[in-house]
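Structure assessment
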Amino acid sequence: MKMQVFVRLKTGVLDVQGKAVEKGLHDIGFGDVGNLRVGKLIEFEVEETDSNRAKDKVKQMCEKLLANTVIESYEIKSL
Amino acid sequence: MRATIIRFPGSNCDHDVEHLYGTLLGASTSVIWHTERDLKKPDFVVLPGGFSFGDYLRTGALARVSPVMDSVKKFVSEGGSVIGICNGFQILCECGLLPGVLLRNIERQFLSRFVSIRVESTASTFTQKFQKNSVLTCPVAHGEGNYFCDQETLKALEGDGQVVFRYCDRSGSRDDSSREINPNGSLNSIAGIMNAKGNVVGLMPHPERAVETLVGAVGGTTGLAMFQ
């Protein structure tokens, strides 16, 4: 089963990368862009046919490695 | 005295630490690869600076799941002393041995310069030789040293005296909003912290690069006392 994990910085955590990208967009003429945040998309396959079991497994992966829950939230999707 | 230095793929301050323990302090040193599990019965374990695993995913994230870290956690639970410097501090935060996280520097620049840091606590294994409130000069070299944690954790750290070092000016005064004094934007100018027991310390500055006047005339040998 193909899985997707979206990792985002939590609200209130300073995203200096996002600020830099936002400024870059302003500099090339997209001045109306605001509140830009950069996140991560992690895609992979797991050997699992049951979507709920797969999500449980991926949740453990997120807690143990894929996200740092001090600053990041994650969202899991099965495709 | 026996010191064990953990080498991850991408560590680059391991040789400096080996030199200071082995050559300057006459300790018996072992440098072990991150896949090892035997720490060789050390008095101290050092997680050195560098860019473990190329900082992939997050700084220190992949080192956190290296096999050696199970042994490091066990060593800590048995009262063993561990210091993480720079990337080592990031790894200690990632694996939960220390609270919080190191974000990108607030001004987005990689910082390679000297800083002044004030000794806030002498209760840790690695700061007992210092005078409280004394000011050390140490180099920093990092892109992600902006200490961050939630307000509850911050309150606990401050309340329990777990802040070990704070960025300051040469006279020891702190100014959280000054990029000259608190260059990476750390909360409460935090440069280093310890766990509740004081046997785990992490800091962003490099005391191991302030141990010989030959190569660090500015910092002198102020960092040496941390490793004795």
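Residues numbered from 1 in each chain as written. Chains lettered and ligands numbered in written order. Predicted model: local features only at pLDDT ≥ 70, side-chain atom pairs only at ≥ 80, totals over all residues. Heavy atoms only, no water.

Concerning the overall build of chain B
Across its full length, chain B holds four helices and eleven strands. The C-alpha radius of gyration of chain B comes to 16 Å, within 12% of the 17 Å expected for a compact globule of 228 residues. Projected onto its principal axes, the C-alpha positions of chain B cover 45 × 40 × 30 Å. Classification of the 228 residues of chain B by burial places 57% in the buried group. Long-range pairs, those at least 24 residues apart, make up 75% of the contacts in chain B between residues at least 6 apart in sequence. For chain B, the computed accessible surface area is about 9100 Å², with 47% contributed by carbon and sulfur atoms. Across chain B, 22 positive and 23 negative side-chain charges occur, with their mean positions spaced 2 Å apart. (Helix = DSSP H or I, 4+ residues; strand = E, 2+ residues; numbered from the N terminus. Rg over C-alpha atoms; globule rule 2.2 N^0.38 Å. Buried < 20%, exposed > 50% of the residue type's maximum accessible area, 1.4 Å probe, protein only. Contact = heavy atoms within 4.5 Å. Areas by Shrake-Rupley, 256 points an atom, 1.4 Å probe, with all protein chains shown as cover. Lys, Arg positive; Asp, Glu negative; His and termini not counted. Charge placed at Lys NZ, Arg CZ, Asp CG, Glu CD.)

Describing the environment of Leu79 of chain A
With respect to the helices and strands, Leu79 of chain A occurs in the segment after β3 (72-78). What Leu79 of chain A contacts, discounting residues up to four positions off in sequence, is Met1, Lys2 and Gln4 of chain A.

Observations concerning helix α2 (residues 51-66) of chain A
All names here are of chain A. A rise of 1.5 Å per residue sets the reference length of α2, with its 16 residues, at 22 Å; its end C-alpha atoms lie only 19 Å apart and thus fall more than 12% short of the reference. Inspection of α2 places Ala54, Val58, Cys62, Leu65 and Leu66 among the buried residues, and these make up the whole buried set. All buried residues of α2 project into a common sector of 110° when viewed along the axis, lining one side. Pointing more than 90 degrees away from the buried face of α2 are the exposed residues Asn52, Asp56 and Lys64. Where the residues of α2 are buried, they touch β1 (2-9), β2 (40-45) and β3. The backbone nitrogen of Asn52 has a side-chain oxygen 3.1 Å away, supplied by the residue at the start of α2, namely Asp50. (Expected span 1.5 Å × (residues − 1). Arc of directions from axis to C-beta. Polar contact = N/O pair within 3.5 Å; in protein donor to acceptor, adjacent residues only side chain to side chain.)

None of the figures reported here should be taken as evidence of function without further support.
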